[in-house]
Amino acid sequence: MATAAPSDADRPHSGLPASPEAVVVRFAGDSGDGMQLTGGQFTLSTALAGNDLATFPDFPAEIRAPQGTLFGVSAFQINFGSREINTAGDAPDVLVAMNPAALKVNIAALKPGGLIIADTGAFTKRNLDKAHYDANPLEDGSLAKFDVLAFDISEKTIEAVKPFGLGNKDALRSKNMWTLGLALWMFDRPRDPIHDWLKAKFKSKPDIADANIAALDAGHAYGETAELAGPLKQVHIDPTPSAPGLYRTVTGAEAVSLGLVAGAQLAELPMFFGGYPITPASAILHHLARLKEFGVTTFQAEDEIAAICAAIGASYAGQLGVTSSSGPGIALKTEAIGLGIMTELPLVIVNSQRGGPSTGLPTKTEQSDLYQAVYGRNGDAPMPVIAARSPSDAFEVAIEACRIATQYMTPVMLLTDGYIANAAEPWKVPNPADFEPFPAQFLTEPRGEELLPYKRDEKGARPWIKPGTPGMMHRIGGIEKHELTGNIDYSPDNHQRMTDLRKAKVDNIAVPDQDVCLGETSGKLAVVGWGSTYGPIHRAVDNCRANGMDVSHIHVRHIWPMPKNLGDLLRGFDHVLVPEMNTGQFKTVLRDQFLVDAQPLTKTSGQPFQIAELEREIGKFFDDIPGNEGGQVPANDQQLPSTDGGAK
Amino acid sequence: MNAPVKIETTLKDWETDQEVRWCPGCGDYAILKAVQRTLPQLGADPANTVFISGIGCSSRFPYYIESYGFHTIHGRAPAFATGAKLANPDLDVWLVTGDGDGLSIGGNHLMHVLRRNVNMQIMLFNNEIYGLTKGQASPTSREGTKSPSTPIGSYDHPARPAAFALGSGARFIGRGFDVSKHLPDVLKAAHAHKGAAFIEIFQNCIVYNKDVFNDFAAPKGAEDRQLWLENGKPMLFAGDTKGIALNRETLSLEVVDVTDGDWEAAGVIVHDVTNRSVAHMLIEMPFGPFPMALGVLYDDPRPTFEDAVIEERKKASEGKEANLAKLLGKGQTWTVSGTAQDPV
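- The name given to chain B in an unreviewed UniProt entry is 2-oxoacid:ferredoxin oxidoreductase subunit beta, with Qipengyuania aquimaris as the source organism.

- If you look chain A up in an unreviewed UniProt entry, it shows as 2-oxoacid:acceptor oxidoreductase subunit alpha from Qipengyuania aquimaris.

1. Focus: the overall build of chain B
Reasoning step 1: When its secondary structure is counted, chain B shows 12 helices and 14 strands.
Reasoning step 2: Referenced to the eigenvectors of the C-alpha coordinate spread, the extents of chain B come out at roughly 95 × 45 × 45 Å.
Reasoning step 3: Buried positions account for 49% of the 344 residues belonging to chain B.
Reasoning step 4: Within chain B, residue pairs in contact and separated by at least 24 positions form 65% of the contacts whose partners lie at least 6 positions apart.

2. Examining the overall build of chain A
Reasoning step 1: A tally of helices and strands in chain A yields 20 helices and 21 strands.
Reasoning step 2: Against the globule reference of 26 Å for 648 residues, chain A gives a C-alpha radius of gyration of 27 Å, in line with a compact fold.
Reasoning step 3: Dimensions of chain A along its principal axes, counting C-alpha atoms only, are 90 × 65 × 45 Å.
Reasoning step 4: The burial tally for chain A puts 55% of its 648 residues in the buried class.

3. Side note on the UniProt feature "domain: Pyruvate/ketoisovalerate oxidoreductase catalytic" (unreviewed entry) in chain A
Reasoning step 1: Feature annotation in UniProt places "domain: Pyruvate/ketoisovalerate oxidoreductase catalytic" (unreviewed entry) on residues 32–220 of chain A, given in this structure's numbering.
Reasoning step 2: For residues 32–220 of chain A, the helix share is 41%, the strand share is 16%, and the end-to-end C-alpha distance is 22 Å.

4. A look at the packing of helix H17 (residues 534–546) of chain A against helix H20 (residues 611–619) of chain A
When two helices pack together, their arrangement is given by the angle between the helix axes and by the axis-to-axis distance.
Residues and elements named next belong to chain A.
Reasoning step 1: Where H17 meets H20, the closest approach of the two axes is 9 Å, and the angle between their N-to-C directions is 50°. The angle between H17 and H20 falls in the class oblique. The two elements H17 and H20 meet at a crossing, and its hand is right-handed. Seen from H17, the contacting residues are Pro536, Ile537, Arg539, Ala540, Asn543 and Cys544; seen from H20, they are Ile611, Leu614, Glu615, Ile618 and Gly619.
Reasoning step 2: Residues that form the contact of H17 with H20 fall into these classes: seven nonpolar, two polar and two charged.

5. Thoughts on the pairing of strand E6 (residues 147–151) of chain A
All names here are of chain A.
Reasoning step 1: Of the strand pairs in this sheet, strand E5 (residues 115–119) and E6 are connected by five bridges, and their pairing is parallel. When the bridges of E6 are listed, Ile116 appears paired with Val148.
Reasoning step 2: Following the chain from E5 across helix H3 (residues 125–130) to the adjacent parallel E6, one finds a crossover that is right-handed.

6. Describing the sheet that holds strand E8 (residues 196–202) of chain B
Reasoning step 1: The sheet built from nine strands is open, its strands ordered E15(A)-E2(B)-E1(B)-E3(B)-E4(B)-E8(B)-E7(B)-E13(B)-E9(B) with mixed pairing. The sheet terminates laterally at strand E15 (475–477) of chain A together with strand E9 (226–229) of chain B, the two strands that pair on one side only. Shown here is a sheet whose adjacent strand axes are inclined to one another by a mean of 20°, direction ignored.
Reasoning step 2: The sheet contact formed by strand E1 (residues 49–53) of chain B and strand E2 (residues 68–71) of chain B spans four bridges and is parallel. Looking at the pairing, Phe51 of chain B lines up with Gly69 of chain B of E2 of chain B.
Reasoning step 3: Together, strand E4 (120–126), strand E7 (172–177), E8 and strand E13 (292–299) of chain B form the strand contacts of helix H6 (residues 183–192) of chain B, whose direction differs from that of E7 of chain B by roughly 165°.

7. Quick notes on the UniProt feature "domain: Thiamine pyrophosphate enzyme TPP-binding" (unreviewed entry) in chain B
Reasoning step 1: Mapped onto this numbering, the UniProt entry gives "domain: Thiamine pyrophosphate enzyme TPP-binding" (unreviewed entry) at residues 55–201 of chain B.
Reasoning step 2: The span residues 55–201 of chain B carries 31% helix and 23% strand; its end-to-end C-alpha distance comes to 17 Å.

8. What about the pairing of strand E7 (residues 245–251) of chain A?
Reasoning step 1: The buried count for E7 of chain A comes to five of seven residues, which makes it a mostly enclosed element.
Reasoning step 2: Of the pairings in the sheet, the one linking E7 of chain A to strand E14 (residues 333–336) of chain B comprises four bridges and is antiparallel in character. Bridge pairing in E14 of chain B links Gly245 of chain A to Val336 of chain B.
Reasoning step 3: Bridge count for E7 of chain A against strand E14 (residues 424–428) of chain A is five bridges, and the pairing is antiparallel. By the bridge assignment, Thr251 of chain A is partnered in E14 of chain A with Ala424 of chain A.

9. A word on the domain arrangement of chain A
Residues and elements named next belong to chain A.
Reasoning step 1: The domain boundaries assigned to chain A delineate domain 1 (22–228), domain 2 (248–434) and domain 3 (516–620).
Reasoning step 2: Here the C-alpha centre of domain 3 lies 25 Å away from the C-alpha centre of domain 2.
Reasoning step 3: The interface is formed by 22 residues belonging to domain 2 together with 20 residues belonging to domain 3.
Reasoning step 4: Classifying every residue of the side of domain 2 that touches domain 3 gives 13 nonpolar, five polar and four charged.

10. Some words on the interface of chain A and chain B
Reasoning step 1: Facing 59 residues of chain A, the contacting portion of chain B comprises 53 residues.
Reasoning step 2: Contributing elements (two or more residues each) for the side of chain A that touches chain B: helix H1 (35–48), E7, helix H9 (252–266), strand E8 (271–275), strand E9 (296–300), helix H11 (304–316), helix H12 (327–343) and E15 of chain A.
Reasoning step 3: The leading source of residues in the side of chain A that touches chain B is H11 of chain A, at nine residues.

11. Remarks on the confidence of the model for chain A
Residue and element names in this part refer to chain A.
Reasoning step 1: Confidence in the prediction for chain A averages 92 pLDDT; 94% of positions are at 70 or higher.
Reasoning step 2: Under a pLDDT of 50 for its full length, residues 1–14 has, in the predicted model, 27 contacts with residues more than four places off or in other chains.
Reasoning step 3: Below pLDDT 50 for its whole length, residues 643–648 participates in three contacts with residues either more than four positions away or in separate chains.

12. Quick look at the nonpolar core
Reasoning step 1: Core analysis: the largest hydrophobic core is formed by 275 residues, its most contacted members being Ala28, Val348, Cys402 and Leu414 of chain A together with Ala84 and Ile173 of chain B.
Reasoning step 2: Setting aside its immediate chain neighbours within four residues, Ala84 of chain B contacts Gly313, Ala314, Tyr316 and Ala317 of chain A together with Val50, Ile52, Leu91 and Val93 of chain B.
Reasoning step 3: Formed by seven residues, the second largest nonpolar core is a distinct cluster that contains Cys26, Cys57, Ile129 and Tyr130 of chain B.

13. A closer look at H17 of chain A
Residues and elements named next belong to chain A.
Reasoning step 1: If you check H17, its first and last C-alpha atoms are 18 Å apart, about what 13 residues at 1.5 Å a residue would give, namely 18 Å.
Reasoning step 2: With 10 of its 13 residues buried, H17 lies for the most part within the structure.
Reasoning step 3: Those residues of H17 that sit buried are Tyr534, Gly535, Pro536, Ile537, His538, Arg539, Ala540, Val541, Asn543 and Cys544.
Reasoning step 4: Against the buried residues of H17 lie strand E2 (52–58), strand E16 (523–530), strand E17 (551–556), strand E19 (573–580) and H20.
Reasoning step 5: Within two residues after H17, Gly548 carries a phi angle of roughly 90°, on the positive side.

14. As for the sheet that holds strand E4 (residues 94–97) of chain A
Residues and elements named next belong to chain A.
Reasoning step 1: Reading across the sheet, the six strands line up as E2-E3-E1-E4-E5-E6 and stay open at both edges, with mixed pairing between neighbours. Looking at which strands have only one partner, the edges of the open sheet turn out to be E2 and E6. Between one strand and the next, the sheet's axes are offset by a mean angle of 15°, whatever the strand orientation.
Reasoning step 2: Of the strand pairs in this sheet, strand E1 (residues 22–30) and E4 are connected by four bridges, and their pairing is parallel. Each bridged residue has a counterpart across the sheet, and for Val25 the counterpart in E4 is Val94.

Criteria and cut-off values
- Residues numbered from 1 in each chain as written.
- Chains lettered and ligands numbered in written order.
- Predicted model: local features only at pLDDT ≥ 70, side-chain atom pairs only at ≥ 80, totals over all residues.
- Helix = DSSP H or I, 4+ residues; strand = E, 2+ residues; numbered from the N terminus.
- Buried ≥ 20, exposed ≤ 12 C-beta atoms within 10 Å, placed from the backbone.
- Contact = placed C-beta atoms within 7 Å.
- Rg over C-alpha atoms; globule rule 2.2 N^0.38 Å.
- UniProt positions renumbered as here; feature names shortened; annotations may be inferred.
- Axes fitted to C-alpha atoms, helices over the stretch in contact; angles between N-to-C directions.
- Parallel < 35°, antiparallel > 145°, perpendicular 65-115°, else oblique.
- Left-handed = near helix turned anticlockwise from the far one by under 90°.
- Nonpolar A, V, L, I, M, F, W, Y, C, P; charged D, E, K, R; others polar.
- Pairing = 2+ DSSP bridges.
- Right-handed = clockwise from strand over helix to strand, strands pointing away.
- Domains from an automatic or database assignment.
- pLDDT = per-residue confidence, 0-100.
- Core = buried A, V, L, I, M, F, W, Y, C linked by C-beta atoms within 7 Å.
- Expected span 1.5 Å × (residues − 1).

Next up, the structure:
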């Protein structure tokens with residue numbers, strides 16, 4: 001976004017160009033204002049208009065924080081355009097502020113010259129006080145470097161829904177629909193899908209549906225009228241050229257759920273999902289709970305531990321056990337993961353990472369559970385770890401997790417994060433027939449004279465024997481076991497062998513060779529990412545390459561075991577820069593595994609990387625590029641400065 | 001759920017080739033034998049039987065039964081068993097836990113498996129001590145128990161397993177002790193109960209809490225100290241010379257003398273296993289002034305968790321097609337045309 005749109009200097013106070021390549025809009029309001037809903041519906045209409053897009057819902061941990069407060073502000077950002085979109089955008093072009101607090105919290109992000117749409121009806125003395133404004137910013141000239149379009153949305157909404165006989169309080173609930181109507185007009189979007197959606201949502205309350213539709217239409221009509229008066233312009237964005245096919249929008253939580261269902265089908269197994277409510281992972285439980293016809297059993301357990309233990313119990317009995325949580329919940333599951341590794345049963349563990357440690361930032365994104373995933377267990381307990389790079393990528397990664405778990409008889413951890421879980425993007429609907437099935441095999445009779453439940457196949461995997469199988473009775477457990485019979489065996493040689501065998505099994509899991517997703521396979525700088533940093537890294541590297549920098553983007557899906565060629569690939573670059581939303585965890589793993597001088601670039605503000613900040617850091621490696629300031633290649637571990645100017 | 005097929009087996013068929021590693025003289029041996037004696041009488045199929053345990057002396061149990069067995073982690077056996085039962089409701093699951101495993105670290109899971117009513121037999125071996133970790137006081141240890149962790153004597157109040165189970169919503173509560181000849185009958189009744197059947201088994205830890213149950217379990221004078229309950233039979237003990245009656249003024253139980261076998265005249269209660277209030281009183285009956293209530297204290301089945309899960313899945317799936325391609329393309333979609341491609 002940052003470089004493709006006209007530069008700020010071109011259009012101070014000129015509003016948006018009539019036909020920009022991409023636009024970033026942020027809807028911000030009180031947590032009770034329905035901003036997530038507004039954003040979600042705007043996303044849908046944008047997708048239906050054929051634009052590529054990325055979204056970033058950013059909301060407080062509190063469900064209904066006290067009205068009007070700064071910490072109660074909920075925002076939804078969408079970046080959409082006629083070209084490929086990789087991130088939700090660095091800085092909004094348009095900020096919709098439903099109250100003073102929303103303006104205060106979000107104004108710093110707005111581009112100079114950007115457009116503010118504000119509801120003057122909410123800029124009351126009381127709300128200004130709550131947002132710690134001494135004077136009304138809409139009136140005191142403090143917003144001079146922006147375009148401001150301020151009018152009484154509250155009043156106009158009340159007017160629009162008057163025929164439906166709602167009280168003021170109920171009428172004001174349609175404020176978000178009025179705003180959405182205006183946004184739909186602004187970006188030339190059809191209203192029909194939203195009408196249909198409202199009718200379906202309020203099926204049993206047709207009055208409420210009609211009131212919301214009236215508000216939506218009134219917002220839309222206001223746009224048309226206001227345009228005539230001058231300050232507001234309609235903006236048209238062409239559809240993004242995309243491969244032909246059927247598309248839909250998908251969030252990471254949806255894609256993980258669908259991928260798990262697909263993975264279970266490809267393994268020809270019923271799926272058992274054990275979960276416990278936790279932000280931001282609960283959405284997976286919610287999605288799967290509605291897919292029972294696919295042979296999915298969902299079990300809301302009494303705690304995180306029971307959720308994983310029940311999943312292991314189901315795997316033991318012959319289903320595909322799955323559990324999901326976020327960092328603190330994963331910590332609770334750790335002992336049971338060890339048992340899954342020891343008893344060598346298939347299990348998929350989804351970790352939707354959030355800011356930590358401890359309760360941390362429940363609704364904000366971070367990648368700080370990498371050590372926990374790779375190293376965080378007692379004993380030598382190797383476990384495959386894979387990471388999704390975007391909401392839609394989570395579908396394939398979930399299938400891959402199911403494949404590894406069932407083919408290698410092992411727990412697998414799938415890493416996503418709060419950003420991927422909540423963010424939406426267009427998704428070309430895949431055809432399930434394009435995926436190679438990997439039917440699970442159950443051992444129903446001994447392979448030789450004797451039943452040997454721990455005798456491994458050529459992949460190092462032990463057989464899966466379901467209780468209920470005649471003549472195959474055996475015992476398993478967490479105590480070290482004999483390398484063939486599985487009976488208790490503490491002997492020194494046996495434990496050495498079993499430790500080696502468990503390690504070798506995971507080390508030798510077949511993972512595809514690492515590719516370079518942008519740029520050459522060797523050169524001056526490789527920017528190596530994993531997980532949800534894909535979007536900003538990709539765009540930043542693309543932009544830097546366009547400026548003549550010899551930089552490549554490598555994005556790693558298989559965190560453990562790593563692709564066999566990754567070490568050689570990295571050694572082909574003079575420098576390796578690893579941006580991640582933690583204090584440098586993947587960098588440490590890369591250094592440890594390959595002895596490469598991986599340099600970290602870290603950020604732990606709970607916000608995704610911005611393209612501009614990555615471009616700036618990449619630029620430091622290139623002194624010789626005209627127009628690039630260049631600068632010192634960082635010598636030591638560096639962390640991006642705190643965004644709020646706090647202690648560094 | 002299919003009707004279980006009865007299989008003919010002998011006690012020997014239920015013995016594994018594994019060396020039993022409990023201390024010589026441990027009450028666990030007697031319980032193991034009682035279970036191995038009971039299983040053939042039930043017509044149980046070793047291939048369909050699963051013993052699931054947590055951690056502790058009692059939890060080594062699955063290694064010694066020739067069936068399927070899963071020795072899991074401390075306190076969590078009920079959760080593993082719940083997952084296994086939901087994945088395959090036809091499995092005949094026995095849970096083995098202890099006072100530390102089931103009531104301390106695993107108290108939460110025990111509560112939930114009972115309230116959900118997952119169909120399985122839950123045997124809690126209560127020896128009132130942590131045996132495998134060398135003798136610390138457990139949640140059922142009596143006040144004043146001297147142990148390495150409580151050298152001057154414990155001061156926390158013991159948990160009462162059967163009361164915990166009843167409070168958690170258990171619909172079957174049985175009690176027995178390791179060397180009792182009646183234990184197999186309690187196990188059989190538990191097995192016949194469809195739902196979570198909780199059995200507290202007093203077990204003698206001869207190393208760290210030797211003979212702690214001798215006050216009622218010792219053979220000498222047992223008749224006077226044990227009240228073996230039978231459904232539909234009067235609550236009599238001490239050679240039918242004493243019985244349990246309800247004091248209608250205090251609404252509590254009392255011991256009454258029965259002369260010439262006329263228990264009705266003495267007001268002795270007839271045991272009704274479905275009476276939850278009386279079950280509660282029997283469980284709470286203090287030993288000393290009263291005998292120890294043993295046998296089946298409560299048995300009043302209700303629908304099981306797994307049946308409800310199966311029913312819900314059936315209802316939720318009714319009229320729906322499990323078509324993945326359609327599911328992926330659900331919701332509001334749009335088509336980008338170019339070279340023609342059929343929607344999936």
